[in-house]
Amino acid sequence: MTAGPVWEAGEKTHRDENFPVASFLVSKRHRAPIMAFYRFARAADDVADDPNLSEDEKVFTLDAFEATLLGQTDAIAHAVPLRAALAERGLSPQHAQDLLIAFRRDARQTRYTDWDDIMDYCRYSAMPVGRFVLDVHGESRDTWPANDALCAALQINNHLQDCGADYRRLDRVYIPLDQLEGRGIAVEALAARKASPALLEVIHHLAAKTEALLGSAQLSHGIRDTRLSLEVAGIERLARKIVHLLKERDPLSERVHLSKTASASNLIAAAGLELGRRLFAPVTAQPALRGGK
């Protein structure tokens, strides 16, 4: 086996995300595997986003992530704890492998043709994260459609918030090309200090589609673990708050992120509401995923 990491992760942590990661609301016994998964995902994402690596170098390193995850090497330090956590819980590595599919795509693909193309990307980049958390808690796979809607919405929120920075730093455009071309907008418009009216119309339209995704299912209502349901209720509320900002503001020139204080207060408020709801209403079955197209 190869010893030692072949690459070092960046500085971003779970505290920098738009949503809580294994917060105090989650049972302590579930936090370690969730954090192992998050650190694996964060490190792999940093590889895919590293402007100093070539496409081939990125893919080579991401392949090393998978090899370490599967026990074929110890080359990637951030993959070893996840491998151990999966073995301890008897969980499949598939969700982590799905993430690596998305990160390899990031290494080689910089444009997406339409909404379906973006949703396919979310299938690998976002949905596996929530599915893993649900599996750690032993939740039914009936929750997956609602999870997939929420995780896709979180991902698209992030794409819209960072559309200017993604283009300027990585020449990466997650806004579907058919939306831009349909309004005669060149991708170079994302480098402007302020969005044009046409570009702003596209961004607001995509935010409205994301809002429809959030309205297609209520994941927190279908989760049986009370503590997890409280955290997810907070995430759902935060996602809606960000969608509201994206429907009203210009991410190229205005703030479209929540402050840490606003995030914390919204998380607590949503958790309180969900706890009250659960005291007086049973956990509901999840509907099939709707909307978004």
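For every chain, the first residue of the written sequence is number 1, and numbering continues from 1 along that sequence. Note on the predicted model: pLDDT of at least 70 is required for a residue's local features to be given, and 80 or more for side-chain atom pairs to be given and counted; whole-chain, interface and lining totals, by contrast, use all residues. Side-chain numbers come from the whole structure's heavy atoms, not from hydrogens or water.

By the naming in an unreviewed UniProt entry, the protein chain goes by Squalene synthase HpnC and is assigned to Rhodomicrobium vannielii.

Draft legend 1. Quick peek at the overall build of the protein chain. By definition, any uninterrupted DSSP run of H or I lasting at least four residues is a helix, any uninterrupted run of E lasting at least two residues is a strand, and each is numbered from the N terminus. Looking only at helices and strands, the protein chain has 13 helices and zero strands in total. Counting helices and strands in the order they occur from the N terminus, the protein chain gives α-α-α-α-α-α-α-α-α-α-α-α-α. When burial is assessed residue by residue, the protein chain has 53% of its 293 residues classed as buried. Approximately 13500 Å² of the protein chain is accessible, and the part contributed by carbon and sulfur atoms is 53%. A 1.4 Å probe rolled over the protein chains alone gives each residue an accessible area, and that area as a share of the maximum for its type sets the label: buried under 20%, exposed over 50%, partly exposed in between. In this description, accessible areas are obtained by the Shrake-Rupley approach with a 1.4 Å probe, and a residue is regarded as covered only by the protein chains that are shown.

Draft legend 2. How the structure looks around the side chain of Glu236. Inspection of the secondary structure puts Glu236 in helix α12 (residues 226–248). One buried charged residue, Glu236, forms no salt bridge at all, with the nearest opposite charge on Arg240 at 4.8 Å. Here the side chain of Glu236 touches Leu219 through a polar contact of 2.9 Å, landing on its backbone nitrogen. Counted charges follow a simple rule, with Lys and Arg positive, Asp and Glu negative, and His plus the chain ends left uncounted. Salt bridge criterion: a side-chain nitrogen from Lys or Arg within 4 Å of a carboxyl oxygen from Asp or Glu. Pairs of N or O atoms within 3.5 Å make up the polar contacts considered here, provided that, within protein, one atom can donate a hydrogen while the other can accept it, and that residues adjacent in sequence are counted only when both atoms are side-chain atoms.

Draft legend 3. Here's a closer look at the packing of aromatic side chains. Planes of paired rings set the category: under 30 degrees apart is stacked, over 60 is edge-to-face and the rest tilted, where pairs are Phe, Tyr or Trp rings (Trp by its six-membered ring) whose centres lie within 6.5 Å. Under the definition given, this model contains five aromatic pairs. Between the aromatic rings of Phe37 and Phe132, the centroid separation amounts to 4.2 Å while the plane-to-plane angle is 15°, which identifies the pairing as stacked. One end of the pair, Phe37, is in helix α1 (residues 28–49); the other, Phe132, is in helix α6 (residues 127–136), with 95 residues separating them in the sequence. For the pair Phe37 and Phe132, a shared accessibility class is recorded, and that class is buried. Measuring from ring centre to ring centre gives 5.4 Å for Tyr121 and Tyr174, while their planes differ by 40°; the resulting arrangement is tilted. Taken together, the positions of Tyr121 in helix α5 (residues 115–125) and Tyr174 in the loop between α8 (163–170) and α9 (177–182) put the pair 53 residues apart, joining distant regions of the chain. Side by side, Tyr121 and Tyr174 carry an identical accessibility label, which is buried.

Draft legend 4. Region of interest: the nonpolar core. Leu82, Ile175, Leu180 and Leu199 are the most contacted members of the largest nonpolar core, which totals 80 residues. Among the elements that line this core, the one with the most residues is helix α7 (residues 144–161), at 10 residues. Each domain's limits were defined by an automated method or a database of domain assignments. Both domains that meet at this core, namely domain 1 (27–108) and domain 2 (110–277), each give it at least three residues. If we skip the residues at most four places from it in the chain, Leu180 touches Val173, Ile175, Ile185, Val187, Leu199 and Val202. Residues belong to a common nonpolar core when they are buried Ala, Val, Leu, Ile, Met, Phe, Trp, Tyr or Cys residues joined through side-chain atoms within 4.5 Å. Residues are treated as being in contact if the distance between any of their heavy atoms lies within 4.5 Å.

Draft legend 5. Spatial organisation of the packing of α5 against α6. Interaxial distance between α5 and α6 falls to 4 Å at its minimum, and their mutual angle equals 35°. Mapping the contact onto sequence places Met119, Cys122, Arg123, Tyr124 and Ser125 in α5 and Met127, Pro128, Val129 and Arg131 in α6. Side-chain classes follow a simple rule in which Ala, Val, Leu, Ile, Met, Phe, Trp, Tyr, Cys and Pro form the nonpolar group, Asp, Glu, Lys and Arg form the charged group, and the remainder, Gly included, forms the polar group. For the contact of α5 with α6, the residue count by class is six nonpolar, one polar and two charged. Each axis is a line fitted through C-alpha atoms, taken for helices only over the stretch in contact, and angles between the N-to-C directions span 0 to 180 degrees.

Draft legend 6. The pattern of salt bridges, seen in detail. Per the counting criterion, the structure on display carries 16 salt bridges. Here Asp63 and Arg104 are joined by a salt bridge, their closest N and O atoms 2.9 Å apart. Linking Asp63 in helix α2 (residues 55–69) with Arg104 in helix α4 (residues 94–108), this pair joins segments that are 41 residues apart in sequence. Ionic pairing is found between Glu274 and Arg278, a salt bridge with its closest N-O pair at 3.4 Å. A residue pair is termed a helical-turn pair when its members lie 3 or 4 positions apart in one helix, as Glu274 and Arg278 do in helix α13 (residues 260–280) at four residues. For Glu274, a relative accessible area of 4% gives the class buried.

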